[in-house]
Amino acid sequence: MRLDHEFTVPAPIGEVWQAVVDPERVAPCMPGATLTKVEGDAFSGTVKVKLGPISLLYKGKGEFLEKDETAHKVTIKASGKDSRGAGTASATVTLTLTESDGGTHGSVATDLAITGKPAQFGRGLISEVGGKILDTFAGCLSGKLAPEPAAAPAAAPAPEPAVKPAPTTAEINTEPRPSAPQPDRPPLRSVPAAPETEAIDLLDYAGQSVLKRLAPVLLGIAAVAGVIAIIRALRK
């Protein structure tokens, strides 16, 4: 199926372009996605999906087919399979960026093929859910590309006295002797563990749309139940 979506990021087009062609910067902004490997223009990862009480884990890979920096156009081909064999998904995504009022407008064209439980949503609902996911992605990307607040200027150090007094005999005798030089060691740096990615609940994204589609059915059921209740009351 063919899906078309749009989004806007309040950041210069050059910064957005550098972000969208870098999987390590884009992946954290995609709900449920975790990047596991990047090798050149190829990458692999997982996507956690929930359908109410049902949990799915898609493992897949993708690659950049086109990176046109002049036209700010990128094409990505990706495919994945549920770890329990409950469904598959493959897509070719073409993203085109254009400048818009000081920000960046993105047009996304997706050729999607999907099987299994998520396919039961149908094209219309999948398109609506996809649009909401892109809104979440754009909001996250906007936060990452927002300029950092300027740091407060550091206070000026206190001026040193022009002439230092000569040390006394007691200070000379108690002054610590310089120790032998130690070999240079690299500074220790703690590396935080990557947080576990929260699954994307498709029913949360599609909640209002599902309710709108079920409303006529629920009204029909209520009407039938009302008629049956009236008939039973008349028989008594």
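Residues numbered from 1 in each chain as written. Predicted model: local features only at pLDDT ≥ 70, side-chain atom pairs only at ≥ 80, totals over all residues. Heavy atoms only, no water.

**Points about the overall build of the protein chain**
Part 1 of the reasoning: Scanning the protein chain for helices and strands turns up five helices and eight strands.
Part 2 of the reasoning: Out of the 236 residues belonging to the protein chain, those deemed buried represent 28%.
Part 3 of the reasoning: Looking at the protein chain alone, contacts between residues at least 24 apart form 57% of all its contacts between residues at least 6 apart.
Part 4 of the reasoning: When the accessible area of the protein chain is evaluated, it comes to approximately 16400 Å², of which 59% is carbon and sulfur surface. (Helix = DSSP H or I, 4+ residues; strand = E, 2+ residues; numbered from the N terminus. Buried < 20%, exposed > 50% of the residue type's maximum accessible area, 1.4 Å probe, protein only. Contact = heavy atoms within 4.5 Å. Areas by Shrake-Rupley, 256 points an atom, 1.4 Å probe, with all protein chains shown as cover.)

**Remarks on unusual backbone geometry**
Part 1 of the reasoning: A positive phi angle, near 50 degrees, is found at H72, a position not held by glycine.
Part 2 of the reasoning: Its place among the elements puts H72 in the loop between β4 (54-68) and β5 (73-82).
Part 3 of the reasoning: For D101, which is not glycine, the phi torsion reads 50 degrees and is therefore positive.
Part 4 of the reasoning: Judged by relative accessible area, which is 82%, D101 ranks as exposed.

**What about the packing of aromatic side chains?**
Part 1 of the reasoning: Summed over all chains, the structure comprises two aromatic pairs.
Part 2 of the reasoning: With a centroid separation of 5.8 Å and an interplanar angle of 90 degrees, the aromatic rings of F7 and F137 are classed as edge-to-face. Taken as a pair, F7 in strand β1 (residues 2-9) and F137 in helix α3 (residues 122-145) lie far apart in primary sequence, 130 residues in all.
Part 3 of the reasoning: On the accessibility criterion, F7 (5% relative accessible area) is buried.
Part 4 of the reasoning: The residue whose ring lies beneath K67 is F64, and the NZ or CZ to ring-centre distance is 4.5 Å. (Phe/Tyr/Trp six-rings, centres within 6.5 Å; stacked < 30°, edge-to-face > 60°. Lys NZ or Arg CZ within 6 Å of the ring centre and 35° of its normal.)

**Some remarks on the nonpolar core**
Part 1 of the reasoning: Residues F7, V9, V16, V20, L97 and L141 are the most contacted members of the largest nonpolar core, which totals 22 residues.
Part 2 of the reasoning: Those elements giving two or more residues to this core turn out to be β1, α1 (13-20), β6 (88-100) and α3.
Part 3 of the reasoning: If we ignore the near neighbours within four places in the chain, the residues touching L141 are V9, V16, A19, V20 and C29. (Core = buried A, V, L, I, M, F, W, Y, C linked by side-chain atoms within 4.5 Å.)

**Description of α3**
Part 1 of the reasoning: In a regular helix each residue adds 1.5 Å, so 24 residues correspond to 34 Å; α3 covers 34 Å between its end C-alpha atoms and thus fits that length.
Part 2 of the reasoning: The set of residues buried in α3 consists of L125, I126, V129, G130, G131, I133, L134, F137, A138, L141, S142 and L145. (Expected span 1.5 Å × (residues − 1).)

**A word on the side chain of H5**
Part 1 of the reasoning: Here H5 shows up in strand β1.
Part 2 of the reasoning: Apart from residues lying up to four places away in sequence, H5 is in contact with G106, S107, V108, S127, G130, G131 and L134.

**Some remarks on the confidence of the model for the protein chain**
Part 1 of the reasoning: Here the protein chain averages 74 in pLDDT, while 63% of its residues score no lower than 70.
Part 2 of the reasoning: Within the protein chain, α1 carries the highest mean pLDDT (92), whereas helix α5 (residues 202-235) carries the lowest (51).
Part 3 of the reasoning: In this model, residues 186-194 is a region of pLDDT below 50 whose contacts with residues beyond four sequence positions or in other chains number zero contacts.
Part 4 of the reasoning: Predicted confidence is poor over residues 210-222, with pLDDT under 50, and the contacts of this stretch with residues over four places away or in other chains come to four contacts. (pLDDT = per-residue confidence, 0-100.)

**Focus: the pattern of salt bridges**
Part 1 of the reasoning: This structure, assessed with the given rule, holds three salt bridges.
Part 2 of the reasoning: Across the pair K37 and E39 runs a salt bridge whose closest N-O atoms are separated by 3.6 Å.
Part 3 of the reasoning: Taking relative accessible area as the criterion, K37 reaches 47% and is therefore assigned partly exposed. (Salt bridge = Lys/Arg side-chain N within 4 Å of Asp/Glu carboxyl O.)

**Topic: α1**
Side chains of residues three or four places apart in an α-helix project in the same direction, reflecting 3.6 residues per turn.
Part 1 of the reasoning: Taken as a whole, α1 has its buried residues at I13, V16, W17, A19 and V20. The buried residues of α1 occupy one face: seen down the axis, they fall within an arc of 165 degrees. (Arc of directions from axis to C-beta.)

**A look at the environment of S100**
Part 1 of the reasoning: Turning to its location among the elements, S100 is positioned in strand β6.
Part 2 of the reasoning: Take S100: its relative accessible area is 29%, and that puts it in the partly exposed class.
Part 3 of the reasoning: Placed 90 residues apart in sequence, S100 and P10 show a C-alpha to C-alpha distance of 8.9 Å.

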